[in-house]
Amino acid sequence: MSVLPFASRLPAFAPLHPLGRGPLGEWVSLVWPLEQGPRGGYPLVVKTYLLAEGLEPETRLVLEEALTRAVPLRHPGIARLHGFQVDTRDTLTVVSDYVPGCSLATARRRVAGRGARLSEAFMCHVGAEVAGALHAAHATKVVHGDVRANRIRLGPRGDVTLTDFGLRPACRLLRRFASPVRPEEVAPSPAAEDTVDAPLEAHADLRALGRVLLELVTGRAAASAPTEVEAGLRELSPGPREVLGRLLLESPREDDTGARLQAELRACCHAGAEVVREVAALPGAGPLSPVDAYVGAASMMAASVSVRTPVLKS
């Protein structure tokens, strides 16, 4: 099968460090771009997925279109997609920004391991930042479609980044493998009312974010049944309870936007430096992970010497 028409090749890069398997069984690697952009030298992440066998070109079209729409997105809270390609081996390769820190799923797991919960201030900060990123995407008619804790990254200074725009069709089109390292982060199969073929709506992104936030602060999986949602909401203080309750229990309204959700969550909790301290205090976290430290060293080396590594083209 031929390469998808969007990209005849991926950005040229040199390998740096393998990162293992991702939630959908994809191989993840840290690489160094050999064509530097205006912001200078920063690493990228390459994710390699195996497509299901026997897919016709028209079947792959929905995946191509979703990724193509995601490429132009530019927002501080969105991990930039630099390019993608499908080769003759039925392999999908996606190149995106490297985001330092850990995923929200990892943070939640670390805190639960010590018998604690993340604060409401932390929840509101994360929710407000993701809501702002979603609003920017929705303004360009791009819907994420798969907002989960493992697609939200926390930086060492409290910055929040939403990753993996355009990969929702992967729920059906990829050969799935359970991650041997983080089996609890593997995305479950979509429910009957949330299949890949269902139309994507911006409000679905916001509602998915609401479930992530409720689970984050209660420490329990946020089910969709109204009685279970109500039980989780009773554990929140009045402000966040009202915001998430309207989002998760009421019918969508025209003024339900990411911008409104962002403003409401910011009004609930003024976090500031306390969120940064909470991120730094995550068990096993610290200002830099081992991979982040490796990236810093590679960045310094690249700035001081000429990189003469052969270009790897996909």
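Quick caveat: nothing in here was measured; it's all calculated off a predicted structure. In this convention, every chain numbers its residues from 1, walking through the sequence in written order. Given that the model is predicted, a residue must reach a pLDDT of at least 70 before its local features are reported, and side-chain atom pairs must reach 80 or more before they are shown or counted; all residues, however, enter totals for whole chains, interfaces and linings. Only heavy atoms go into the side-chain values, all of them from the structure, while hydrogens and water stay out.

**Remarks on the environment of Pro18**
Using the following cut-off: A run of H or I in DSSP counts as a helix once it spans at least four residues, and a run of E counts as a strand once it spans at least two, with each numbered from the N terminus. Accessible area is worked out with a 1.4 Å probe on protein chains only. A residue is then buried under 20% of its type maximum, exposed over 50%, and partly exposed in between. We call two residues in contact when some of their heavy atoms are within 4.5 Å.
With respect to the helices and strands, the residue Pro18 is situated in strand β1 (residues 13–21). With a relative accessible area of 61%, Pro18 lands in the exposed category. Sequence separation between Pro18 and Val31 is 13 residues; the distance between their C-alpha atoms is 8.6 Å. Look past the residues within four positions of Pro18 in its chain and what remains in contact with it is Val28 and Ser29.

**With respect to the confidence of the model for the chain**
As a reminder, the rule being used: Values of pLDDT, the confidence the predictor places in each residue, fall between 0 and 100.
Predicted confidence across the chain gives a mean pLDDT of 78, with 73% of residues reaching 70 or more. No element of the chain has a lower mean pLDDT than helix α10 (residues 290–304), which averages 53, and none a higher one than strand β8 (residues 160–162), which averages 95. This model gives residues 1–8 a pLDDT under 50, and the stretch forms 20 contacts once residues within four places in sequence are excluded.

**Examining the packing of helix α7 (residues 238–249) against helix α8 (residues 258–268)**
Put simply, the rule is: Interaxial angles span 0 to 180 degrees and are taken between N-to-C directions of axes, which are lines fitted to C-alpha atoms, for helices over the stretch in contact. Each angle gets one of four labels, with under 35 degrees taken as roughly parallel, over 145 as roughly antiparallel, 65 to 115 as roughly perpendicular, and the rest as oblique. The crossing is said to be left-handed when, going from far helix to near helix, the turn is anticlockwise and less than a right angle, and right-handed when the turn is clockwise. Ten residues, namely Ala, Val, Leu, Ile, Met, Phe, Trp, Tyr, Cys and Pro, are considered nonpolar, four, namely Asp, Glu, Lys and Arg, are considered charged, and the remaining ones, Gly among them, are considered polar.
In the contact formed by α7 and α8, the axes pass within 9 Å of each other and the chain directions differ by 160°. As judged from the angle between their axes, α7 and α8 are roughly antiparallel. Considering only the axes of α7 and α8, their crossing is left-handed. Across the interface between the two elements, Gly239, Pro240, Val243, Arg246 and Leu247 from α7 touch Arg260, Leu261, Glu264, Leu265 and Cys268 from α8. Classifying every residue of the contact of α7 with α8 gives six nonpolar, one polar and three charged.

**Some words on the sheet that holds β1**
How we decide: DSSP calls a pair of strands paired once it identifies at least 2 bridges connecting them.
Pairing in this open sheet of five strands is antiparallel, and the strands run β1-β2-β3-β5-β4 from one edge to the other. Lying at the two open borders of the sheet, with one neighbouring strand each, are β1 and β4 (81–86). Taking the axes of each pair of neighbouring strands and ignoring which way they run, one obtains an average angle of 20° across the sheet.

**Description of the side chain of Thr106**
Examined against the element boundaries, Thr106 turns out to sit in helix α2 (residues 104–113). Note on Thr106: relative accessible area 12%, which makes it buried.

**Some words on the environment of Val217**
Looking at the element boundaries, Val217 is found in helix α5 (residues 202–218). Between the alpha carbons of Val217 and Leu236 there is a distance of 8.1 Å; along the sequence they are 19 residues apart. The contact partners of Val217, leaving out residues within four places of it in the chain, are Arg117, Leu118, Ser119, Glu120, Met123 and Leu236.

**Topic: the sheet that holds β8**
The sheet built from three strands is open, its strands ordered β6-β7-β8 with antiparallel pairing. Strands with a single pairing partner mark the edges of an open sheet, and in this sheet they are β6 (102–103) and β8. As paired strands, strand β7 (residues 152–154) and β8 are joined by three bridges and run antiparallel to one another. Each bridged residue has a counterpart across the sheet, and for Arg153 the counterpart in β8 is Thr161.

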